[in-house]
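Chain by chain, the residues run as shown.
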Amino acid sequence: MVITTTIPDHRAGELLHYTFASRYAGAPVPKFKMPEKSIPKEAAYQIINDELMLDGTPRLNLASFVTTWMEPECEKLMMASINKNYVDMDEYPVTTELQNRCVNMIAHLFNAPVGETETAVGVGTVGSSEAIMLAGLAFKRKWQAKRKSEGKPYDKPNIVTGANVQVCWEKFARYFEVELKEVKLSEGYYVMDPVKAVEMVDENTICVAAILGSTLTGEFENVKLLHELLTKKNEETGWDTPIHVDAASGGFIAPFLYPDLEWDFRLPLVKSINVSGHKYGLVYPGVGWVVWRTKEDLPDDLIFHINYLGSDQPTFTLNFSKGSSQIIAQYYQLIRLGFEGYKNIMENCMSNARVLKEGIEKMGRFDIVSKDVGVPLVAFSLKDSSKHTVFEISDSLRRFGWIVPAYTMAPDAQHIAVLRIVVREDFSRSLAERLIADIDKVVKELDTLPSRESTKAAHITATVEEKQHTEEEVLARWKRVLAAKRAGAC
Amino acid sequence: MVFARPASESDLSVISTSGSLYVRDSLPKYKMQENSMPKEAAYQIIHDELLLDFKPKLNLASFVTTLMEPECDKLIMESINKNYVDMDEYPVTTELHNRCVNMIAHLFNAPLGDSEDAIGVGTVGSSEAIMLAGLAFKRKWQNKRKAEGKPYDRPNIVTGANVQVCWEKFARYFEVELKEVKVREGYYVMDPVKAVEMVDENTICVAAILGSTYNGEFEDVKLLNDLLLEKNKQTGWDTPIHVDAASGGFIAPFIYPELEWDFRLPMVKSINVSGHKYGLVYAGIGWVIWRSKDDLPEDLVFHIKYLGADQSTFTLNFSKGSSQIIAQYYQLVRLGQEGYRHIMENCHENAMVLKAGLEKTGRFNILSKDDGVPVVAFSLKEKKGGHDEFEVSEMLRRFGWIVPAYPMPPDAEHVIVLRVVIRAEFSRTLAERLVHDISIVLHELDKLPAKVSAEGKEAGAVTAADEENGDIDGAVHKRKSDLETQREITTYWKNYVVAQKTIKRQKVMAS
């Protein structure tokens, strides 16, 4: 930093020291209070870099849908724009323009009813959480305005969605004071049932949210069926309840692999869609998109207008200042890859997912819970969980460097626990084969070990009856631990 | 991309980008095109278009950091693929976040033990931080009112009209009424006396700004605290304070340590600060700290349990990058208190140099105070020939400087200011150069003809000149078309200025 003071003479010698010979390598790292003195930048870099070595390796993190690899050319663009504050639209008009182009392209991808050179209604966000909150806000405001004009109460809005919904919907509900009405799952059916969902719709429902790419199993919900049933109900009730599609994962998969699947704006009741740029949009964490069908679906009083020399720049986001890198990276990916590029990548992902699934099935110990059509992931449960659980497998796999999470399903299927492997674009076939071999090793290893529960039980029943309640306590505690491993999946 | 097929049959590795088709086709703007293109071409074309963005470091409108050390850039790039929210996978990154929260809480004199964990969180910016703080106040107030059996459907916040736009967003999106204390000429921040008068039983909090966007001034939080304490005694409402220290939070502790504005004042329950302003990190990071656990209602916090360990989270965003958080930790540890102090002192010095240079021209009034955020806000003493601050701003762009011009907030909108933000990378050399360029701009403006009014007053001058030339008949003709042209120009200019006023007012609230 050219502005900082020069280091006084008695400390200059430190600059010559080999980093690990200097006193910084021996001093405790500040954790609670800012240190009084500065330290050389090389030392600061080294200390932090070394601690960070103990973080997991992003590319081996098979729990996450979020992109962990991009081309060096793109990284160069990202680094060059890291000091651009996106919100300064007047100062960085080209960056703003790139965002608008992305919105247009994504809207067209979702078959929004916009003309060839018409600007779509949508915005870039920090992720699908912000996107969903904006979409939800729009629905809430629209519904409130309608109820007010009808002279009806508007203080108890609700959203209908599946219990498999991602945590950001619960956040939206809690923070924006909307009731969440969840359609419970059942064993073997791990997504929202459109029939049950439509039954739950009432006059206070601001929208029904369907997921294209359920977090737990990668499955696409049947938006078309939901649409048909809801259209019918709307005809009867006159409530005009709309649909939002949470396509966080599926939005960059379905258009390329399943173009005939009708889930987007081709269905008239779908009024807004969100997608994560940082999942299968193939960008590093920090970008999501929300697109509305038309101007009418976004109430004007939610939009803040910033006018530049007559031209209107409307903005509707929760975040304000933020980096520009991920937006530029998204544009890079869209034009660099084009339609064929994305298609090739998704096909590769599906192919690797299939290899993984077949390899796991061949072991004969697992049931595959994920479907072939959907997000490229493999979710599987143990056929027999009496001696060992998927949680133990997950733990053991860490020793090999793999992060494969284990979760219980959402209510009412919380007795089912699965392991889930997400196949991202940088998960090659060779890695898939290696993982299969390692899972096999782990399973065989666990076979040789006594089960944890039976060990505990053996200890306890070996003594007198008074220990019976302790056994119950232990089992109850273990059950609680298992139950606590709820969908913390993202 | 190692997984995509080549886009065409020809050997792309040989064709230079400039010789390829890609520079002849216009870039896609509405639809994804069918084919891929080589990564080198994609990089070059986007990079070239981005050259037309202005230079971040010369953007004197923004408080947000535009320069960091290469060592930090390296850390940023290395963590660009880490999704912050994966706390289980990246425990060290999470730990670094928590250390930042602790350090900042201590900086703000939060009532904590030496190794007690503070209550706070990293956000994407002060907007998210303010929304979280506001949500906490709203929920706490609602719970209290419910317990008292009183109505809780009309919450409001009291703040100054000089407040940043994210407060308006919070109010609109979370259905809270915004009660604004108007400013007046000469007093451009929230008046604590008026603010406390506006407080009623529905007020969820009073928000004070440490570092007003318009002129960098620190509001008198201590006075506000004292007045509010008294009112609370009388009413029993227990109305709290939030301090929006987006800019001031990383300045006051280092150069005004005696100034009481933070948790030393008992009514202050939460504070936000932008890591990406004087926290000296690139855009994308803010912090909000609560006084104690009691100030953050438990039902707003989501608990994510990973293998038994409880991770409580309270943010609006979920997945996001980790780079800025690591960069913040780097700065706190690399600079330490002395480093930050030196930088803030330098900024203050350079602000004084700029201010002195501007005063020496004799043409400006200075509207910023010496104490506060290092910002110089100035307006023209006299609008010679009708040329105003907006024109000065426009002409400075030619030199590469971005110096915005804004009207002050209501009720002082007739006052227009130019504002220069002194960031850490704005050296004395640049300050002197800016003064030099501003002088040139003033000279140029002085030479321009005065702007005419719509009634064409200046037309008289034309007539006189033409009469002198003896060309009366011709002058009548000429006069008419001159008048028309002048009217056209004036109307255009007026519309432009009016448009600018509305734009720029919203813009300044936006920074």
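Bear in mind that the values here come from a model prediction, so they are computed numbers and not experimental data.

**Let's talk about the overall build of chain B**
Moving on, step 1. Scanning chain B for helices and strands turns up 13 helices and 13 strands.
Moving on, step 2. Buried positions account for 59% of the 511 residues belonging to chain B.
Moving on, step 3. Excluding contacts between residues fewer than 6 apart, the proportion of contacts in chain B whose partners are at least 24 apart in sequence is 71%.
Moving on, step 4. Of the roughly 20,300 Å² of accessible surface on chain B, a fraction of 52% belongs to carbon and sulfur atoms.

**Comments concerning the packing of helix α3 (residues 91-107) of chain B against helix α9 (residues 323-360) of chain B**
All names here are of chain B.
Moving on, step 1. Contact geometry for α3 and α9: axes closest at 9 Å, N-to-C directions at 50°. Here α3 is positioned oblique relative to α9, judged by the angle of their axes. Of the two possible hands of crossing, α3 and α9 adopt the one that is left-handed. Counting all contacts with α3, which are made through T93, L96, H97, R99, C100 and M103, the residues of α9 involved are I325, I326, Q328, Y329, L332 and V333.

**Description of the pairing of strand β7 (residues 286-290) of chain B**
Residue and element names in this part refer to chain B.
Moving on, step 1. Counting buried residues along β7, five of its five residues qualify, which places the element largely inside the surrounding structure.
Moving on, step 2. Neither face of β7 is open: one carries G286, V288 and W290, the other W287 and I289, and all of them are buried.
Moving on, step 3. For strand β6 (residues 268-274) and β7, the ladder comprises five bridges, and the chain directions are antiparallel. Bridging from a neighbouring strand, S270 pairs with W290 of β7.

**Regarding the sheet that holds strand β12 (residues 405-407) of chain B**
Residues and elements named next belong to chain B.
Moving on, step 1. In space, the four strands of this open sheet follow the order β10-β11-β13-β12, with antiparallel pairing throughout. Edge positions in the open sheet fall to β10 (364-366) and β12, since each of these has one partner strand only. Along the sheet, successive strands turn relative to each other by an average axial angle of 40°, direction set aside.
Moving on, step 2. As paired strands, β12 and strand β13 (residues 416-421) are joined by three bridges and run antiparallel to one another. Paired with Y406 across the strands is V417, a residue of β13.

**A word on the environment of S325 of chain A**
All names here are of chain A.
Moving on, step 1. Mapping S325 onto the fold places it in helix α10 (residues 325-362).
Moving on, step 2. Residues S325 and V87 lie 238 residues apart in sequence; the distance between their C-alpha atoms is 12 Å.
Moving on, step 3. Ignoring any residue separated from it by four or fewer positions in sequence, one finds S325 in contact with M78, S81 and I82.
Moving on, step 4. Side-chain polar atoms of S325 contact the backbone oxygen of M78, separated by 2.9 Å.

**Examining the interface of chain B and chain A**
Moving on, step 1. Taken together, the contact pairs 133 residues of chain B with 126 residues of chain A.
Moving on, step 2. Where chain B touches chain A, the interface holds 18 salt bridges.
Moving on, step 3. With a closest N to O distance of 2.9 Å, D55 of chain A and K82 of chain B form a salt bridge.
Moving on, step 4. For the interface between chain B and chain A, the tally reads 57 residue pairs in polar contact (both at pLDDT 80 or more).
Moving on, step 5. The element contributing the most residues to the side of chain B that touches chain A is α9 of chain B, with 16 residues.
Moving on, step 6. Class assignment of the residues belonging to the side of chain B that touches chain A gives a composition of 60 nonpolar, 34 polar and 39 charged.

**What about the domain arrangement of chain B?**
All names here are of chain B.
Moving on, step 1. Examined at the domain level, chain B breaks down into domain 1 (74-335) and domain 2 (337-446).
Moving on, step 2. In this structure, domain 1 and domain 2 have C-alpha centres spaced 29 Å apart.
Moving on, step 3. The interface of domain 1 with domain 2 comprises 28 residues on the first partner and 32 residues on the second.
Moving on, step 4. Interface area for domain 1 against domain 2, summed over the two sides, is near 2,500 Å², with a carbon-plus-sulfur share of 67%.
Moving on, step 5. Taken together, the links from domain 1 to domain 2 amount to one salt bridge.
Moving on, step 6. A salt bridge links K369 to E217, with the nearest nitrogen and oxygen atoms 3.3 Å apart.
Moving on, step 7. Listing elements by their share of the side of domain 1 that touches domain 2, those giving two or more residues are α8 (252-255) and α9.
Moving on, step 8. The biggest single contributor to the side of domain 1 that touches domain 2 is α9, with four residues.
Moving on, step 9. Residue classes in the side of domain 1 that touches domain 2 are distributed as 14 nonpolar, 10 polar and four charged.

**So, the pattern of salt bridges**
Pairs can form between side chains of opposite charge once their charged atoms are near each other.
Moving on, step 1. Applying the stated rule across the entire model yields 57 salt bridges over all chains.
Moving on, step 2. Linked by salt bridges that have partners in common, K140, R141 and D301 of chain A together with E175 of chain B make up one network.

**Let's talk about the UniProt feature "modified residue: N6-(pyridoxal phosphate)lysine" (unreviewed entry) in chain A**
All names here are of chain A.
Moving on, step 1. The sites that UniProt annotates as "modified residue: N6-(pyridoxal phosphate)lysine" (unreviewed entry) are K279.
Moving on, step 2. You can see K279 is positioned in the loop between β6 (270-276) and β7 (288-292).
Moving on, step 3. On the basis of relative accessible area, K279 is assigned to the buried category, the value being 8%.
Moving on, step 4. The contacts of K279, once residues within four sequence positions are left out, are F65, V66, T67, A248 and S249.

**Let's talk about the packing of aromatic side chains**
Moving on, step 1. Tallied over the full model, the rule gives 22 aromatic pairs over all chains.
Moving on, step 2. Arranged with centres 5.2 Å apart and planes meeting at 10°, the rings of F256 of chain A and Y342 of chain A form a pair that is stacked. Here F256 of chain A is found in helix α9 (residues 254-257), whereas its partner Y342 of chain A is found in helix α10, with 86 residues between them in sequence.
Moving on, step 3. With a relative accessible area of 1%, F256 of chain A lands in the buried category.
Moving on, step 4. Residue classification places Y342 of chain A among the buried residues on the basis of a relative accessible area of 0%.
Moving on, step 5. For the pair F170 of chain B and F174 of chain B, a centre-to-centre distance of 5.3 Å together with 25° between the ring planes defines the contact as stacked. Just as F170 of chain B is buried, F174 of chain B falls in that class too.
Moving on, step 6. Ring-pair connections join several aromatic residues into one group, and the members of that group are F172 and F176 of chain A together with F170 and F174 of chain B.

**Quick look at the environment of I325 of chain B**
All names here are of chain B.
Moving on, step 1. Note on placement: I325 falls in helix α9.
Moving on, step 2. Through-space distance from the C-alpha of I325 to that of F426 is 24 Å; in sequence the pair is 101 residues apart.
Moving on, step 3. Discounting residues that sit within four places of it in the chain, I325 has contacts with Y84, H97, C100, I285, W287 and K320.

**Examining the pairing of strand β2 (residues 156-160) of chain B**
Residues and elements named next belong to chain B.
Moving on, step 1. Counting buried positions along β2 yields five of five residues, so the element is predominantly enclosed.
Moving on, step 2. One ladder, built from five bridges, connects β2 with strand β3 (residues 177-181); its direction is parallel. Directly across from N156, in β3, lies its bridge partner E177.
Moving on, step 3. The handedness of the β2 to β3 crossover, carried by helix α5 (residues 165-173), is right-handed.
Moving on, step 4. One ladder, built from three bridges, connects β2 with strand β4 (residues 203-209); its direction is parallel. Within β4, the position partnered with I157 by the bridge is C205.

**Details of the sheet that holds strand β10 (residues 366-368) of chain A**
All names here are of chain A.
Moving on, step 1. The four strands are arranged β10-β11-β13-β12 in an open sheet whose pairing can be described as antiparallel. With one partner strand each, in any of the chains shown, β10 and β12 (406-408) form the two edges of the open sheet. Neighbour-to-neighbour, the strand axes of the sheet open up by a mean angle of 35°, direction not taken into account.
Moving on, step 2. Across three bridges, the pairing between β12 and strand β13 (residues 417-422) is antiparallel. Bridged to Y407 within β13 is V418.
Moving on, step 3. Sitting on the sheet, α10 is in contact with β10, β11 (377-382) and β13, with an inclination near 15° to β11.
Moving on, step 4. Sitting on the sheet, helix α11 (residues 390-398) touches β10, β11, β12 and β13, and the angle it makes with β13 is about 35°.

**Comments concerning the nonpolar core**
Moving on, step 1. Judged by nonpolar contacts, the single largest core of 121 residues is most densely connected at L356 and I439 of chain A.
Moving on, step 2. Looking at this core, the element that brings in the most residues is α10 of chain A, giving 17 residues.
Moving on, step 3. Not counting the four nearest positions on each side in its chain, L356 of chain A is found in contact with V378, I421, V423, F427, A432, L435 and I436 of chain A.
Moving on, step 4. Counting residues in each nonpolar core, the second largest holds 106 residues, with Y24, L52 and I82 of chain A together with A252 of chain B among its members.

Conventions used here
All residue numbers refer to positions counted from 1 along the written sequence of the respective chain. Just so you know, chain letters begin at A and ligand numbers begin at 1, following the order they were written in. Predicted model: local features are reported for residues with pLDDT of at least 70 only, side-chain atom pairs are reported and counted for 80 or more only, and whole-chain, interface and lining totals are derived from all residues. As a rule here, side-chain values cover all heavy atoms of the structure and leave hydrogens and water aside. What counts as a helix is a DSSP run of H or I of at least four residues, what counts as a strand is a run of E of at least two, and both are numbered from the N terminus. Categorising residues by exposure relies on relative accessible area from a 1.4 Å probe, with only protein chains included: less than 20% of the type maximum marks a residue as buried, more than 50% marks it as exposed, and the intermediate range marks it as partly exposed. Contacts are residue-level and defined by heavy atoms, with any inter-residue pair within 4.5 Å sufficient. Under the convention used here, a 1.4 Å probe and the Shrake-Rupley method define accessible areas, while residue burial counts only the protein chains that appear. What counts as an axis is a line fitted to C-alpha atoms, over the stretch in contact for a helix, and the angles between N-to-C directions run from 0 to 180 degrees. In these notes the angle categories are as follows: under 35 degrees is roughly parallel, over 145 is roughly antiparallel, 65 to 115 is roughly perpendicular, and the rest is oblique. By definition, any crossing whose near helix is turned counterclockwise from its far helix by less than a right angle is left-handed, and any crossing with a clockwise turn is right-handed. Two strands form a pair only when DSSP identifies at least two bridges running between them. Counted as a polar contact is a pair of N or O atoms within 3.5 Å, where, for protein atoms, one must be capable of donating a hydrogen and the other of accepting one, and residues adjacent in sequence contribute only when both atoms are in side chains. Counted as salt bridges are all cases of a side-chain nitrogen of Lys or Arg within 4 Å of a carboxyl oxygen of Asp or Glu. Gly is put with the polar residues, along with every residue not named as nonpolar or charged; the nonpolar set is Ala, Val, Leu, Ile, Met, Phe, Trp, Tyr, Cys and Pro, and the charged set is Asp, Glu, Lys and Arg. What counts as a domain boundary in this text is fixed by an automatic or database domain assignment. The term buried area means the drop in 1.4 Å probe accessible area that two parts suffer when joined, counted for both and summed. UniProt positions are given in the numbering used here, feature names are shortened, and annotations may be inferred rather than shown by experiment. Any Phe, Tyr or Trp ring, taking Trp's six-membered ring, that has another such ring centre within 6.5 Å forms a pair; planes under 30 degrees apart are called stacked, those over 60 apart edge-to-face, and the others tilted. Note on handedness: a crossover is taken as right-handed if, strands pointing away from the viewer, the path from the first strand over the helix to the second is clockwise. The nonpolar core is taken to be a set of buried Ala, Val, Leu, Ile, Met, Phe, Trp, Tyr and Cys residues, with the residues joined through side-chain atoms within 4.5 Å.

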